[in-house]
Amino acid sequence: MAAPLEPGIRVSLELPEAGTCVGVVDSKDEARVVLSLLDDLREGELQAGTTLELFMPRPQGIYHWLCVLRALGAGQRAELELLSSPVFVQRRLGQRVEAGLLAEVRRIRSSRRGPVHEMRVVDLSHGGLKLEGLFQVSTGDTLEVTVELGAPVQLMGRAVMAYPAPPDQWAAHVSFLEGQRPAVDVVDGYIAQRMKA
């Protein structure tokens, strides 16, 4: 499956400690990509030499590359050097359990935590969850999801796929980010209890 980073393609950058920043590919040659960033960055938030992850959503999942910021120019133009071949993350393949739990969801962009939106956790697995609700999530968004699983747990994830869910709702398949073992352990415990029932 090809992963073309062509001009006009919408992508997102995972910023250190700051969530997601959305951009559009201006140009690409070999290992160099130039983006026009659509989100306003705070001063000093992105420095030349910073290693980042670049994400490109597709209907079946999401591609990502490791890259380094070579320059940040006027008009929010970012020049990146790709450090790896693309890795494709498919939709969750693990065992899922139905949940039907209310959750508070925030979009994290450029270190800003968006307002809380109520959504429903439709199902859970070791690697992620599915959300449904009125809040419009976009593929590639970094999300903070707080849900009650016997105790309140806060999970960080990325929307691998998002789409309208009739009649007037949105659905998002969210893959958990690395580095939150205690929270994922709570999810695993909840799944184990549900499997016994």
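The structure we're discussing is the one just above.
Residues numbered from 1 in each chain as written. Predicted model: local features only at pLDDT ≥ 70, side-chain atom pairs only at ≥ 80, totals over all residues. Heavy atoms only, no water.

J.: Looking at this model, I keep getting lost on the overall build of the chain. Mind explaining?
T.: Scanning the chain from N- to C-terminus turns up one helix and 14 strands. Dimensions of the chain along its principal axes, counting C-alpha atoms only, are 55 × 35 × 35 Å. Counting the 197 residues in the chain, one finds 47% classified as buried. Within the chain, contacts between residues separated by at least 24 positions form 54% of all contacts whose residues are at least 6 apart in sequence. Carbon and sulfur atoms make up 51% of the accessible area of the chain, which amounts to about 9900 Å² in all. Side chains of the chain carry 21 positive and 25 negative charges; the gap between the two charge centres is 3 Å. (Helix = DSSP H or I, 4+ residues; strand = E, 2+ residues; numbered from the N terminus. Buried < 20%, exposed > 50% of the residue type's maximum accessible area, 1.4 Å probe, protein only. Contact = heavy atoms within 4.5 Å. Areas by Shrake-Rupley, 256 points an atom, 1.4 Å probe, with all protein chains shown as cover. Lys, Arg positive; Asp, Glu negative; His and termini not counted. Charge placed at Lys NZ, Arg CZ, Asp CG, Glu CD.)

J.: I tried to follow the pairing of strand β10 (residues 117-125) on my own but got confused; where do I start?
T.: The two faces of a sheet get side chains in turn, since along a regular strand they alternate between them. Pairing of strand β8 (residues 97-109) with β10, which is carried by seven bridges, proceeds in the antiparallel orientation. Pairing of leucine 101 across the sheet is with valine 121, part of β10. Summarising the sheet, β10 and strand β11 (residues 128-133) pair through five bridges and their orientation is antiparallel. The residue of β11 that forms the bridge with leucine 124 is leucine 129. Here β10 folds back onto β11, and the loop between the two strands holds two residues. (Pairing = 2+ DSSP bridges.)

J.: Where do I start with the state of the cysteines in this structure?
T.: In a disulfide, the sulfur atoms of two cysteines are held together by a covalent bond. Summed over all chains, the structure comprises zero disulfides. Unpaired in terms of disulfides, cysteine 21 finds its nearest cysteine sulfur in cysteine 67, a separation of 11 Å. For cysteine 21, a relative accessible area of 0% corresponds to the buried category. Of the residues examined, cysteine 67 reaches a relative accessible area of 0% and is grouped as buried. (Disulfide = S-S within 2.5 Å.)

J.: Is there a simple way to think about helix α1 (residues 181-196) in this case?
T.: Since there are 3.6 residues in each turn of an α-helix, residues three or four apart along the chain are aligned in direction. A rise of 1.5 Å per residue sets the reference length of α1, with its 16 residues, at 22 Å; its end C-alpha atoms lie 22 Å apart and thus fit the reference within 8%. Within α1 the residues assigned to the buried category are Ala183, Val184, Val187, Tyr190 and Ile191. Along α1, the residues classed as buried sweep out an arc of 115° about the axis, all on the same side. Exposed side of α1, more than 90 degrees from the buried face: Pro182, Gln193 and Lys196 are the residues found there. Its buried side turned inward, α1 meets β8, β10, β13 (152-165) and β14 (169-176). (Expected span 1.5 Å × (residues − 1). Arc of directions from axis to C-beta.)

J.: Could you clarify how one ought to interpret the packing of aromatic side chains in this entry?
T.: Summed over the entire model, instances satisfying the criterion amount to one aromatic pair. The aromatic ring of phenylalanine 55 is capped on one face by arginine 158, whose charged end is 3.7 Å from the ring centroid. (Phe/Tyr/Trp six-rings, centres within 6.5 Å; stacked < 30°, edge-to-face > 60°. Lys NZ or Arg CZ within 6 Å of the ring centre and 35° of its normal.)

J.: Explain the pattern of salt bridges here, please?
T.: Should their charged atoms come close, side chains of opposite charge can pair. According to the stated counting rule, one finds 14 salt bridges in the structure shown. Between arginine 109 and aspartate 39 there is a salt bridge; the shortest N-O distance is 3.6 Å. Residue arginine 109 is found in strand β8, and its partner aspartate 39 is found in the loop between β3 (32-37) and β4 (51-58); the two are separated by 70 residues along the sequence. A relative accessible area of 13% places aspartate 39 in the buried class. (Salt bridge = Lys/Arg side-chain N within 4 Å of Asp/Glu carboxyl O.)

J.: Before we go on, may I ask you to explain the environment of valine 147 in this structure?
T.: Among the secondary structure elements, valine 147 is positioned in strand β12 (residues 142-148). On a C-alpha basis, the gap between valine 147 and glutamate 104 in space is 6.7 Å, while along the polypeptide they are 43 residues apart. With residues up to four places along the chain from it excluded, the contact list for valine 147 reads Leu101, Leu102, Ala103, Val121, Pro152, Val153 and Leu155.

J.: Explanation requested: the nonpolar core in the structure shown.
T.: A general feature of soluble globular proteins is that nonpolar side chains tend to end up buried together. In terms of nonpolar packing, the biggest core is built from 28 residues, with Val121, Leu124, Leu129 and Leu131 touching the most fellow members. Within the residue set of this core, elements represented by two or more residues are β8, β10, β11, β12, β13, β14 and α1. Beyond its immediate sequence surroundings of up to four residues, valine 121 is in contact with Ala99, Gly100, Leu101, Ala103, Leu129, Lys130, Leu131 and Val147. Judged by nonpolar contacts, the second largest core, of 22 residues, contains Leu5, Ile9, Leu41 and Cys67. (Core = buried A, V, L, I, M, F, W, Y, C linked by side-chain atoms within 4.5 Å.)

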